[in-house]
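A closer look at the structure
Spelled out, the chains give:
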Amino acid sequence: MHLHWETLAEGVHRCRLPFLDVTVGVVRGDRRTLLIDCGTTLSEAARIADDVVELTGAAVTDLVMTHHHFDHILGSAGFGTAVLYSPAAVARALTTGIDAVRAHALQYGTDPERLDRAIAGVRAPDHVVTVANLDLGGRSVHLELPGPGHTDHDLVVVVPPIGADETPVVFCGDLVEESAEPAINAESDLSAWPLALDRLLELGGDDARYVPGHGAVVDAGFVRAQRDWLAARRES
Ligand SMILES: [Zn+2]
């Protein structure tokens, strides 16, 4: 195993990539295996792909990209046969907007050669998503845009429980961060972000495990506190 994976429910796992501590999630069904976000480079993608086979016994068939930041999307070049799902803004970022993605990645210290190898392999997503349910075989996931926040298109992935002893798992993208304060930048919508977290809490409920885009898995209380922190910043 190349990376350290945590198991959140049966067939539901996540790891934190060493570069930028970005979360990658896996949801294994009987027929399909879904990856959530994919890192920045082909070498990260190759490690993820190997580990998913070792972890689940199956290769990645589907990939959801949560938002257009490079560390969540450029590794998609390493999953050539997977069906790709993303918001429309990610489709633009991977095609006409790729120069801006490249510049952003360089700002954050991505190795230029590795970056260009990844960029050479990216392609437009197969499905542009606003809301969808994917049936993976014995396990389904719900994709939704809960509203603007970190960006104007943060897609979240909700994994409902399949047994009485399971709790929902919510992959939050960068709408929630644990290892640092939420990343508020020029494209963030601070006035709407608390409302997006209200919707996230509605989707997951009080018992869910919430998986941030960066940092440790948190509970509903943490998400609520981050919502209040954002709301206070909006008012100050
Ligand atoms: Zn981001």
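Residues numbered from 1 in each chain as written. Predicted model: local features only at pLDDT ≥ 70, side-chain atom pairs only at ≥ 80, totals over all residues. Heavy atoms only, no water.

Taking an unreviewed UniProt entry as the reference, the protein chain is identified by name as MBL fold metallo-hydrolase belonging to Mycolicibacterium pallens.

1. Focus: the pairing of strand E4 (residues 33-36)
Burial along E4 is two-sided: the face carrying Thr33 and Leu35 and the face carrying Leu34 and Ile36 are both buried. Examined bridge by bridge, strand E3 (residues 23-28) and E4 share four bridges and lie antiparallel to one another. Each bridged residue has a counterpart across the sheet, and for Val26 the counterpart in E4 is Leu35. Hairpin connection, E3 to E4: the antiparallel pair is bridged by four residues. When E4 meets strand E5 (residues 62-64), the two strands line up parallel, connected through three bridges. Looking across to E5, one finds that Ile36 is bridged to Val64. (Buried < 20%, exposed > 50% of the residue type's maximum accessible area, 1.4 Å probe, protein only. Helix = DSSP H or I, 4+ residues; strand = E, 2+ residues; numbered from the N terminus. Pairing = 2+ DSSP bridges.)

2. Considering the UniProt feature "domain: Metallo-beta-lactamase" (unreviewed entry) in the protein chain
In the numbering used here, UniProt assigns the "domain: Metallo-beta-lactamase" (unreviewed entry) feature to residues 21-214. In residues 21-214, helix accounts for 29% and strand for 20%; the two terminal C-alpha atoms are 6 Å from one another. (UniProt positions renumbered as here; feature names shortened; annotations may be inferred.)

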